[in-house]
Amino acid sequence: MGAKKTPARMCVGCREMKPKNTLIRIVKTPEGDIKTDPTGKLNGRGAYICKASECLKRAQKSGALSRAFGTAIPEEIFTQLEKELSDGGQ
Ligand SMILES: [Zn+2]
């Protein structure tokens, strides 16, 4: 029953379920650091966002990421995410 299907995750910007591989993962490490996780391999609690600056802005404005992690998100994380968006997720 679709075992090979890409799992869906919710974007913190538009709150839509999307295939995991179309989203960028953001992670809170066990040390409490917030990092972007383009490889999806870092340990910690993850949140996902579409590769769309619209969703990024929405998540920043609504504070959805801070809520997801229970901590403030450093400005540079958003800067870094924007960079990753313009790089096409490389
Ligand atoms: Zn989205």
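Residues numbered from 1 in each chain as written. Predicted model: local features only at pLDDT ≥ 70, side-chain atom pairs only at ≥ 80, totals over all residues. Heavy atoms only, no water.

**Here we look at the overall build of the protein**
For the protein, the count of helices and strands is three helices and five strands. Moving toward the C terminus, one meets the helices and strands of the protein in the order β-β-β-β-β-α-α-α. Compactness check: the protein gives a C-alpha radius of gyration of 13 Å against a globular reference of 12 Å for 90 residues, within 12% of the reference. Across the 90 residues of the protein, 33% fall into the buried class. Here the protein displays about 5,900 Å² of accessible surface, and carbon together with sulfur accounts for 49% of that area. Positive and negative side-chain charges in the protein, numbering 17 and 10 respectively, have mean positions lying 9 Å apart. (Helix = DSSP H or I, 4+ residues; strand = E, 2+ residues; numbered from the N terminus. Rg over C-alpha atoms; globule rule 2.2 N^0.38 Å. Buried < 20%, exposed > 50% of the residue type's maximum accessible area, 1.4 Å probe, protein only. Areas by Shrake-Rupley, 256 points an atom, 1.4 Å probe, with all protein chains shown as cover. Lys, Arg positive; Asp, Glu negative; His and termini not counted. Charge placed at Lys NZ, Arg CZ, Asp CG, Glu CD.)

**Focus: the coordination of the zinc ion**
Around the zinc ion, the protein contributes the donor atoms Cys11 (SG), Cys14 (SG), Cys50 (SG) and Cys55 (SG), at 2.3 Å from the metal centre. Geometry at the zinc ion is tetrahedral, judged from its four donor atoms and the angles of 100 to 113° they form at the metal. Sequence positions of the donors to the zinc ion reduce to the motif C-x2-C-x35-C-x4-C. Here Cys14 is found in the loop between β1 (8–10) and β2 (17–19), whereas its partner Cys50 is found in strand β5 (residues 45–50), with 36 residues between them in sequence. Comparing Cys14 with Cys50, the two get one shared label, buried. (Donors = N, O, S within 2.8 Å, 3.2 Å for Na, K, Ca; no water. Tetrahedral: all angles 85-135°; square planar, octahedral: opposite > 155°, others 65-115°.)

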